[in-house]
Amino acid sequence: MTNQLTSKFVILAIITLIFTSCKTETNSAQSSSVDKNPYAAQVDSILALMTFEEKIGQLNLPVSGDITTGQGTSSNVGKKIKDGLVGGMFNIKSVEKIKAVQKIAVEESRLKIPLLFGMDVIHGYETTFPIPLGLSSSWDLELIEKTARMAATEASADGINWTFSPMVDISRDPRWGRVSEGNGEDPYLGSRIAEAMVKGYQQDDLSKNNTLMSCVKHFALYGASEAGRDYNTVDMSKIRMYNEYLEPYKAAVDAGVGSVMASFNEIDGVPATGNKWLLTELLRDDWGFNGFVVTDYTGIYEMMAHGMGSEEQVVSQALNAGIDMDMAGDSRVASAAFIKSLKGAYNKGLVSMVEIDTAVKRMLTAKYELGLFEDPYKYCDSERAKKEVFTTENRAFARKVGAESMVLLKNENNLLPLKKEGTIALIGPLANNAVNMAGTWSVATQQEKSNPFLSGLKTIVGNTANILYAKGSNIDYDLELEKRATMFNKDIPRDGRTDKQLLDEALSIAKKADVIIAAIGESAEFSGESSSRTEIGIPQVQKDLLNALLKTGKPVVLVLFTGRPLELVEENENVPAILNVWFPGSEAGLAISDVLFGYVNPSGKLTATFPRSVGQIPIFYNHKNTGRPLSNEEGQFEKFKSNYIDERNEPLYPFGYGLSYTKFDYSNFKISTNSINMDGTIDVSVDVTNSGDYDGKEVVQLYIRDVVGSVTRPLKELKGFQKIEIKKGETKSVTFKLSVEDLKFYNSDLDFVAEPGKFHVFVGTDSRTKMMKEFQLTK
Ligand code: BGC
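First, a word on scope: everything that follows refers to the structure included in this document. (Residues numbered from 1 in each chain as written. Predicted model: local features only at pLDDT ≥ 70, side-chain atom pairs only at ≥ 80, totals over all residues. Heavy atoms only, no water.)

## Focus: the packing of helix α21 (residues 499–511) against helix α22 (residues 540–551)
Stage number 1. Interaxial distance between α21 and α22 falls to 10 Å at its minimum, and their mutual angle equals 30°. Relative to α22, α21 is oriented roughly parallel. Judged by the sense of rotation from one axis to the other, the crossing of α21 with α22 is right-handed. Contacts between α21 and α22 involve D499, L503, A506, L507 and A510 from the first element and V541, L545, A548 and L549 from the second.
Stage number 2. Residue classes in the contact of α21 with α22 are distributed as eight nonpolar, no polar and one charged. (Axes fitted to C-alpha atoms, helices over the stretch in contact; angles between N-to-C directions. Helix = DSSP H or I, 4+ residues; strand = E, 2+ residues; numbered from the N terminus. Parallel < 35°, antiparallel > 145°, perpendicular 65-115°, else oblique. Left-handed = near helix turned anticlockwise from the far one by under 90°. Contact = heavy atoms within 4.5 Å. Nonpolar A, V, L, I, M, F, W, Y, C, P; charged D, E, K, R; others polar.)

## Things to note about the pairing of strand β15 (residues 556–561)
Stage number 1. Counting buried residues in β15 gives six out of six residues, a clear majority hidden from the surface.
Stage number 2. Neither face of β15 is exposed, since V556, L558 and L560 on one face and V557, V559 and F561 on the opposite face are all buried.
Stage number 3. You can see the chain leave strand β14 (residues 515–521), run along α22 and come back into β15, and the turn it takes is right-handed.
Stage number 4. Two strands pair when backbone bridges link them, and β15 and strand β16 (residues 577–580) are joined in this way by four bridges, in the parallel orientation. Note on β16: the bridge partner recorded for V557 is A577.
Stage number 5. Taken together, β15, helix α23 (residues 569–574) and β16 constitute a β-α-β crossover, and its handedness is right-handed. (Buried < 20%, exposed > 50% of the residue type's maximum accessible area, 1.4 Å probe, protein only. Right-handed = clockwise from strand over helix to strand, strands pointing away. Pairing = 2+ DSSP bridges.)

## As for the layout of surface pockets
Stage number 1. A volume near 1,500 Å³ is recorded for the largest pocket.
Stage number 2. For the largest pocket, the lining is made up of 39 residues, of which Y621, H623, N649, E650 and L715 are closest to its centre.
Stage number 3. Classifying every residue of the lining of the largest pocket by side-chain character gives 14 nonpolar, 14 polar and eleven charged.
Stage number 4. Volume-wise, the second largest pocket comes out at about 620 Å³.
Stage number 5. If you trace the second largest pocket, you find 28 residues lining it, with Y188, S191, E247, K719 and F752 closest to the centre.
Stage number 6. Contributing elements (two or more residues each) for the lining of the second largest pocket: α9 (187–202), α10 (238–245), α11 (247–254), β21 (717–726) and β23 (745–746).
Stage number 7. Element by element, the count of residues in the lining of the second largest pocket is highest for α9, at five residues.
Stage number 8. Among the residues forming the lining of the second largest pocket, the class breakdown is twelve nonpolar, three polar and 13 charged. (1 Å grid on protein atoms, 1.4 Å probe; cavity = no way out; pocket = protein on both sides within 12 Å on 5 of 7 lines; lining within 4 Å. Points joined across faces, edges and corners; volume = space filled by probe spheres on them.)

## What to know about the pattern of salt bridges
Stage number 1. Enumeration according to the criterion identifies 49 salt bridges in this entry.
Stage number 2. In this structure, K543 engages E570 in a salt bridge whose closest nitrogen and oxygen atoms are separated by 3.8 Å. Taken as a pair, K543 in helix α22 and E570 in helix α23 lie far apart in primary sequence, 27 residues in all.
Stage number 3. A cluster of three or more residues bridged by salt bridges with shared partners is formed by R172, R240 and E244. (Salt bridge = Lys/Arg side-chain N within 4 Å of Asp/Glu carboxyl O.)

This is the structure we're talking about:
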């Protein structure tokens, strides 16, 4: 979508809109802290000067940028800024435009309070990294942190000072399109990634001109939307929330995140946006968060549809619950918004001035922390933007990250890596498309400049092999579905030819090839917001193409593009090699080719379970045992046990799974003691030998099971991992230190405790590992 941003027309229209409206109307990483606020005196002195309207203005975040990520846009924003009725803006792109808008705030408004400029900088800025689900599959925290750091450098060079990231919603439901935006199903891994991202964006100094204030979202539990349908109801026990869903948000708070975004869903029957337990008791009182909370889009207005009452009732409920800033409430689609109804609510006694002042203080504090009062243009250096955005160096890093995120799902008879020889046929609707390569939620990306697969392949192969290409099919037979899965101009233009003509062309080149690469799967916007699916297979037209290619008898490599775990039973059965590339980002083609030809040995591991069928959903590795577990492991049906009559219990590919071109053998698994007390620690060690033919990286995973507890505990829980590089023939020893903290969980009183008793500890290559030792925790 971003390149349409560069459309001169749009830019002009926006700037004109802002200025015209002005003219016509002229008639440590520290979180913001109100309590221990170093800026308290300055904030108070500004507050004392503010009118009621100007206070509400600070809480107003209108949409009037180039990028519209929802249904709303605001009008007359220039005039509103001038009147002190705007606290920040989001999704405006470029130093020039941001500078122009900031100028109105600091030169033409009465109190000259600078604006915040937010954006969905989710997995990179113009240089785009793999979608977050892909990035999490790298299990490489340093790498992930560096992506956030680079995104912050680029975005801040281009005028942005606030990002709506990281998204840390745990999800166990691949029907939900937004699984693509998160880090998968595991709270431990999700928490480590949340910390890394916050650190990457904020560093330890928000006032630096190359850091961004981070906003953890969507608080909370959004990933548990019923039936995977976006924006749907969430209903969950507190014990499940605490043990399985809340940890990554808390990790972001503990890492000093500056802001939090409330989620669209309800929690315990109350929409998150108006949920005082969530936004105040849990977030501020229990977790000690001191920054500000923003709604997700028109979340306040949406409380009316949730059945929470009138305009004045919902705005007061939101403010009283702990919302500080109202995103997009000012837009035409929303009738309830702080800017529209807070005064009325105040006049009726539904909100107090203390509540309003508290929210305003939080917003002003954030602006102090960002250094905006000192220099409102500190993020607006056009020279920096020219030098630091979408650089050759950043793109080289994106290429590396793209390759690190890929997951090899199958590799029969070592078909991969491919040799650079003979004739290679690249076939599929995703083979030669730039704009889809960045994947969903990449609003600032240079999508036309992304490197398509075909181009990367040609670069890598050079003239050592002959490359043939055919599109093979459209994304889907159904044009309507294709349209629904197109947003932000990430289109795969439908081919004028018939399905048969496309297929015939593909088969004619396939016949000439020694090996076929099928570049198929979802297009970028098949996942993401408002892209839920009930069937999660490869779209039928592409399945038909794949089957026809397999029938040629030539070796076929499936290069799978997807934003979610897909149902791939048939493909796993029939296709010899499957490389899941997600959406690899700006340098997709080169990154994929690096892996296909063995310049990079794949080391990604799944962070979300791939089911065998939709009927198994929700499916996740850290489930409970039940009172009637199966007694066999071969998936045979057992009557009156917890299983299905028509499907096995296990997934197709489990959490933590991913192959390599080499082979890793585990041996010498040891624990340092069989018994620890409440102050003790235990060393868990294992040797990993690379016994294959290539150097490679392995993600060594550690799981525990609390065998007996006052409440039921999962069969396995990830509690540690290390990604290590091992040369062929080499053995490396890996040691983990487990402490009592790692054995704790929330009991039925929601106390975080470790209970004495028997524990199992596992190490291995994925969550199915059976390498187990036992120890006791004593009082
Ligand atoms: C999404 C958020 C996003 C916001 C602003 C909403 O629709 O749920 O994730 O940050 O729009 O673009």
